[in-house]
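Coordinate inspection notes
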Amino acid sequence: MMTHEDLAAGLRLLSQLVASKLSVGRVVQVFPDLAPHAWQVPATAIRHSVSAGKPLSTALHTHVSSFPKHLTAMIRAGEDGAGLAPALARAADAAERSSAQRRDLVQALTYPAILVVASATCVAILALVVL
C-alpha cells in the first residue's frame, strides 16, 4: 500500500528525472531502479503503459492505487504544453502538502480522542461502581 509520503517521493523523483532533460521514455525506463520501494510494482506497469504509447498521466492514474484525480489533471496539463517537469514538481508539492495536512490533522485529533475515551471510561466506572 502506497502512503501519501511515498506518493510525494515518487512524484518528486519523476519531476527531477524529467527536469534533467531525459525523455519520458527514458525516465520510465530508469524510474523502477530509483523509485522508493512502494513504487516498484506500479513503476514497472507505468513503464509498460508508456512504452505502449499511453501518456504518463494516464499510466500514473491507472497503475498507482488511489492516485488523486487532481494530480492526474495537473500532470496532463504539463503534458499538453505547460511543461511536464514543472507540472510533476507542482504535483509533488501538492502531495507533500496533503501528507503534511493529514499528519497535522491526526496529531490535532489525538488529544481530544484521548479525552473522549478517558471521559467515557470515567462515566462507565461511576455508573457501574457508584450506582
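Summarised in this report is the structure supplied together with it. (Residues numbered from 1 in each chain as written. Predicted model: local features only at pLDDT ≥ 70, side-chain atom pairs only at ≥ 80, totals over all residues. Heavy atoms only, no water.)

1. Structural notes on the side chain of Thr72
- Mapped onto the secondary structure, Thr72 falls in helix H5 (residues 69–82).
- Polar contacts involving the side chain of Thr72 include one to the side chain of His61, which spans 3.2 Å.
- Ignoring sequence-local partners within four residues, the contact set of Thr72 consists of Ser57, His61 and Phe67. (Helix = DSSP H or I, 4+ residues; strand = E, 2+ residues; numbered from the N terminus. Polar contact = N/O pair within 3.5 Å; in protein donor to acceptor, adjacent residues only side chain to side chain. Contact = heavy atoms within 4.5 Å.)

2. Structural notes on helix H1 (residues 4–19)
- With 16 residues, H1 should cover 22 Å at 1.5 Å per step; its first-to-last C-alpha distance of 22 Å lies within 8% of that length.
- Against helix H2 (24–34), helix H4 (56–63), H5 and helix H6 (84–130) lie the buried residues of H1.
- Just past H1, the residue Lys21 takes up positive phi, approximately 70°. (Expected span 1.5 Å × (residues − 1).)

3. A word on the pattern of salt bridges
- In total, this model carries two salt bridges according to the counting rule given.
- Overlapping salt bridges, with partners in common, bring together Arg12, Asp93 and Glu96 in one network. (Salt bridge = Lys/Arg side-chain N within 4 Å of Asp/Glu carboxyl O.)

4. Quick notes on the packing of H2 against helix H3 (residues 40–51)
- Where H2 contacts H3, the axes come no closer than 8 Å and their chain directions differ by 155°. Here H2 lies roughly antiparallel to H3, going by the angle between them. For H2 against H3, the interelement crossing comes out left-handed. Here H2 contributes Val24, Val28, Gln29, Phe31 and Pro32 to the contact with H3, which in turn contributes Gln40, Ala43, Thr44, Ile46, Arg47, Val50 and Ser51.
- Looking at the contact of H2 with H3 residue by residue, the class counts come to seven nonpolar, four polar and one charged. (Axes fitted to C-alpha atoms, helices over the stretch in contact; angles between N-to-C directions. Parallel < 35°, antiparallel > 145°, perpendicular 65-115°, else oblique. Left-handed = near helix turned anticlockwise from the far one by under 90°. Nonpolar A, V, L, I, M, F, W, Y, C, P; charged D, E, K, R; others polar.)

5. As for the environment of Leu84
- Residue position: Leu84 is located in helix H6.
- Look at Leu84 and you get buried, because its relative accessible area is 13%.
- Separated by 42 residues in sequence, Leu84 and Pro42 have C-alpha atoms that sit 19 Å apart. (Buried < 20%, exposed > 50% of the residue type's maximum accessible area, 1.4 Å probe, protein only.)

6. Things to note about unusual backbone geometry
- Phi at Lys21 takes a positive value of approximately 70°, unusual for a residue other than glycine.
- In this structure, Lys21 sits in the loop between H1 and H2.
- Of note in the backbone geometry, Ser66 takes a positive phi value of approximately 50° without being a glycine.

7. Topic: the packing of H4 against H5
- Viewed as axis vectors pointing N to C, H4 and H5 meet at an angle of 160°, and their least axial separation amounts to 8 Å. In terms of their interaxial angle, H4 and H5 are classed as roughly antiparallel. For the pair H4 and H5, the sense of crossing is right-handed. Across from Leu56, Ser57, Thr58, Leu60 and His61 in H4, the residues of H5 making contact are Lys69, Thr72, Ile75, Arg76 and Glu79.
- For the contact of H4 with H5, the per-class residue count stands at three nonpolar, four polar and three charged.

Interpretation in functional terms is not warranted from these geometric data alone.
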